[in-house]
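So the chains spell out like this:
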Amino acid sequence: MRYLCLGYHDVDASKRLSSEEFTAIVSHCPEYDKELLASGRVRIVASLVEDEVVTVRTRGGEVTLTDGPCVESKEQVGSFFVLEASDLNDAVRIASRHPAARLGEDLGWAVEVRPIGSMEEYGGV
Amino acid sequence: MSTAEQRSRAGETDDVSRLVESTYRTESRRVLATLVRLLGDLELAEEALQEAVRVALERWPADGVPSNPRSWLVSTGRFKAIDVLRRRSRVDHWDNERFEAIAGASADDAEMERALEHIPDDQLRLVFICCHPDLSQDAQVALTLREVCDLTTEEIARAYHVRASTVAQRIVRAKALLRRKNAPVELPAAAELPARLDAVLRTVYLVFNEGYMASAGAAITRTDLTGEAIRLGRLLVALLPDPEAYGLLALMLLQDSRREARITAEGDIILLEDQDRSLWNREQIVEGLALVERAVATGTVGGYTVQAAIAAEHAVAAEYSATRWARIVSLYDLLLRIEPTPVVELNRAVAVGMRDSADDGLRLVNEILSRGDLAEFHLLHAAHADLCRRAGRREEARVSYARALELVGQEPERRLLRRRLRELA
């Protein structure tokens, strides 16, 4: 089974940190990201640029853009990874070791684990 | 390289990955059980097993399959766990302590050999860990199915008609509790095992019952669960020859032997009296009867053994009218002494209704009803209705079938009750 793991954080809480503090806590992530990739069980791991989110919709046949994420919430997705796990608890176990689930208690850090129904990958021509 | 050569290489790789897969299927639970003991932590053992399997998939195609794959997986898993802990010890104090304990212990070849001698004990202990007395029954069942039977969280959720996240939560909480209790480290000593066997047997029987008589949903049986329960029962008998372990396995086999005869092609229930007994599984019956004898021969007779002896009475009756109801009533008398519960009392009342008359059975069922026991149990009202019907009290029968119909949760039973009501109209 494949699972999409979304790393959430509280945007306001993050803004209250100095940039040094923010960099210090986020610096824990790359090491585990590397570990995940080395384990062969993670296909992709990514962090997101959040200030430039736009949402695209078609309304009345017209494509419209709105600033910001599709769902307005104080918790926003800051990173994601796709992992291969034997079942939901296996996925939870792997996700729970990620700094996004293990650290940042005051910053609203959390990992949402979503089973992937179907996934196509570009295999090259 | 010719196309033929390429194909043969590809074929070899396929063979190796098939071999890894089949090795995983046959060995993974044994390897996990031993890793749990060596590492003292369920989750770390799972991770170690996963890592070892991944390395096997990488290395075996090139290096060949090791002569003792089980020992290879255990020792690779152990090294992988040390790797994991070395990384984590930089972060977590807890892991640091564990790392010292595990990495500090020497693991030469001789020690690995000794470690593998304990596999049957390890497996048994894993069952006991999963049925730790401080865990809720739901958690015991979920953990046993996942860790011992290797069902996935999603499969367990489907089998019990609950959300996968519910099962996942149960398992996460159960593991946290086991870790707090240090359960995998402080395994019950051999002398304590029989005392904790009750919880294990109950868990296995719960799994069986949910498979044999699904409490809710469209189908009456879920053979995946009955199959797992019987497999667990066999494991228990092999590992811990306790009379009640024999009794439980016998009971499950004797009940399951009627599987083909108890449902129509449309999924309707066929009652014992109407079953085609030639469809009963003779192999399971023979095995079940022998196990009952073995259990009885030990001289200590428990609840599962008595229930198995009752099932055995049905199994040996050539036809329904040949059932020895007097013996069944005496067995229920015995069971009532071991387990004085209203459910046993109800079953005994039904048997009395067969041995003597419907009115005699009815009198006993009315006693249970008047006490208010099992008021919400649909089978009490259904039994009352059946006895009233046989005693010619049609109106009372109708009321009780209607009450049973309100309480029933399972579709085939609902159809049976509706059919009875129609017959009375």
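In case you missed it, the structure is sitting above this.
What you are looking at is a predicted structure, and each value in this text was computed from that prediction instead of being measured. (Residues numbered from 1 in each chain as written. Chains lettered and ligands numbered in written order. Predicted model: local features only at pLDDT ≥ 70, side-chain atom pairs only at ≥ 80, totals over all residues. Heavy atoms only, no water.)

Peer 1: In this structure, what is going on with the overall build of chain A? I would like to understand it.
Peer 2: Secondary structure assignment for chain A yields five helices and six strands. Going from N to C terminus, chain A has its helices and strands arranged as β-α-α-α-β-β-β-β-α-α-β. Its C-alpha atoms give chain A principal-axis dimensions of roughly 45 × 45 × 30 Å. Residues counted as buried form 34% of the 125 residues belonging to chain A. (Helix = DSSP H or I, 4+ residues; strand = E, 2+ residues; numbered from the N terminus. Buried < 20%, exposed > 50% of the residue type's maximum accessible area, 1.4 Å probe, protein only.)

Peer 1: Looking at this structure, how should I read the nonpolar core?
Peer 2: Taken as a class, soluble globular proteins show a tendency for nonpolar side chains to be buried jointly. Residues and elements named next belong to chain B. Grouped together as the largest cluster of nonpolar side chains are 99 residues, with contacts concentrated most on Leu-35, Leu-126, Leu-145, Leu-236 and Met-252. The element that contributes the greatest number of residues to this core is helix α2 (residues 42-63), accounting for 10 residues. When neighbours within four sequence positions are excluded, Leu-35 is seen to be in contact with Gly-40, Ala-45, Ala-48, Leu-49, Val-74, Gly-77 and Arg-78. One finds Ala-358, Ala-385, Cys-388 and Ala-397 within the second-largest nonpolar core, a separate group that totals 20 residues. (Core = buried A, V, L, I, M, F, W, Y, C linked by side-chain atoms within 4.5 Å. Contact = heavy atoms within 4.5 Å.)

Peer 1: What's the story with helix α12 (residues 243-256) of chain B in this structure? I'm lost.
Peer 2: Given 3.6 residues to a turn, an α-helix orients residues that are three or four positions apart in the same direction. Residue and element names in this part refer to chain B. Taking 1.5 Å of rise per residue, 14 residues should cover 20 Å, and α12 covers 20 Å from first to last C-alpha, within 8% of that figure. Among the 14 residues in α12, 14 count as buried, and that is most of the element. N-cap assignment for α12: the residue whose side-chain oxygen lies 2.8 Å from the backbone N of Glu-244 is Asp-242. (Expected span 1.5 Å × (residues − 1). Polar contact = N/O pair within 3.5 Å; in protein donor to acceptor, adjacent residues only side chain to side chain.)

Peer 1: Explanation requested: the packing of helix α13 (residues 282-297) of chain B against helix α14 (residues 303-316) of chain B in the structure shown.
Peer 2: In a packed pair of helices, the relevant descriptors are the angle between the two axes and the axis-to-axis distance. Residue and element names in this part refer to chain B. Put simply, α13 and α14 touch, their axes get as near as 10 Å, and they point 140 degrees apart. By the angle between their directions, the pair α13 and α14 is classed as oblique. The two elements α13 and α14 cross, and the hand of that crossing is left-handed. Only Thr-305, Ala-308, Ala-309, Ala-312, Ala-315 and Val-316 of α14 make contact with α13, whose side of the interface consists of Arg-282, Ile-285, Leu-289, Val-292, Ala-295 and Val-296. A class-by-class count of the residues in the contact of α13 with α14 yields 10 nonpolar, one polar and one charged. (Axes fitted to C-alpha atoms, helices over the stretch in contact; angles between N-to-C directions. Parallel < 35°, antiparallel > 145°, perpendicular 65-115°, else oblique. Left-handed = near helix turned anticlockwise from the far one by under 90°. Nonpolar A, V, L, I, M, F, W, Y, C, P; charged D, E, K, R; others polar.)

Peer 1: What is the right way to look at the interface of chain A and chain B in this model?
Peer 2: How big an interface is tends to be stated in terms of the accessible area lost upon association of its parts. Contacts between the two partners involve 17 residues from chain A and, on the opposite side, 23 residues from chain B. Contact between chain A and chain B buries roughly 1500 Å² in total, counting both sides, with carbon and sulfur atoms accounting for 42%. Interface area lost by chain A to chain B is led by Asn89(A), Arg93(A) and Arg97(A), which between them contribute 39%. Here chain A is connected to chain B by two salt bridges. Residue Glu47(B) pairs with Arg93(A) through a salt bridge whose shortest N-O separation is 3.2 Å. At the junction of chain A and chain B, the tally comes to nine residue pairs in polar contact (both at pLDDT 80 or more). (Buried area = accessible area lost by both parts, 1.4 Å probe. Salt bridge = Lys/Arg side-chain N within 4 Å of Asp/Glu carboxyl O.)

Peer 1: Even after reading the chapter, I still don't get the pattern of salt bridges, so can you show me in this structure?
Peer 2: Two side chains that carry opposite charge are able to pair once their charged atoms sit near each other. Evaluation of the coordinates by the stated rule reveals 45 salt bridges over all chains. Ionic pairing is found between Arg234(B) and Glu287(B), a salt bridge with its closest N-O pair at 2.4 Å. Residue Arg234(B) is found in helix α11 (residues 223-239), and its partner Glu287(B) is found in helix α13; the two are separated by 53 residues along the sequence. With a relative accessible area of 38%, Arg234(B) lands in the partly exposed category. Taken together, the shared-partner salt bridges connect Asp87(A), Glu43(B), Glu46(B), Arg146(B), Glu147(B) and Lys175(B) into one network.

Peer 1: Would you take a moment to explain the environment of Glu423(B) for this structure?
Peer 2: As for its position among the elements, Glu423(B) is in helix α20 (residues 411-424). Sequence separation between Glu423(B) and Arg398(B) is 25 residues, and the spatial gap between their C-alpha atoms is 9.8 Å.

Peer 1: Would you mind showing me how to read unusual backbone geometry here?
Peer 2: Only a minority of non-glycine residues have a phi that is not negative, and only a minority of peptide bonds are not trans. All names here are of chain B. We note that Asp-150 has phi near 65 degrees; this positive angle belongs to a residue other than glycine. Assignment of secondary structure puts Asp-150 in the loop between α7 (137-148) and α8 (153-159). Despite not being glycine, Leu-374 has its phi angle at roughly 55 degrees, a positive value. Take Leu-374: it is sitting in the loop between α17 (358-371) and α18 (378-390).

Peer 1: How do you make sense of the packing of aromatic side chains when you look at a structure like this?
Peer 2: Where two aromatic rings form a pair, the distance of their centres and the angle of their planes describe that pair. All names here are of chain B. According to the stated counting rule, one finds five aromatic pairs over all chains in the structure shown. Centroid distance Tyr-205 to Phe-208: 6.2 Å. Interplanar angle 10 degrees. Geometry classified as stacked. Separated by three residues within a single helix, Tyr-205 and Phe-208 lie in helix α10 (residues 193-212), roughly one turn from each other. Phe-208 shares its class with Tyr-205; the two are buried. Measuring from centroid to centroid gives 5.6 Å for Tyr-205 and Tyr-304, while their planes differ by 85 degrees, and the two rings are edge-to-face. In this pair, Tyr-205 is assigned in helix α10 and Tyr-304 in helix α14, connecting sequence segments 99 residues apart. Both residues of the pair, Tyr-205 and Tyr-304, count as buried. Joined through ring pairs, the aromatic side chains of Tyr-205, Phe-208, Tyr-212 and Tyr-304 make up one cluster. One residue, Arg-258, lies across the ring of Trp-280, its end atom 5.8 Å from the ring centre. A cation over an aromatic ring shows up here: Arg-262 above the ring of Tyr-212, its NZ or CZ 3.7 Å from the ring centre. (Phe/Tyr/Trp six-rings, centres within 6.5 Å; stacked < 30°, edge-to-face > 60°. Lys NZ or Arg CZ within 6 Å of the ring centre and 35° of its normal.)

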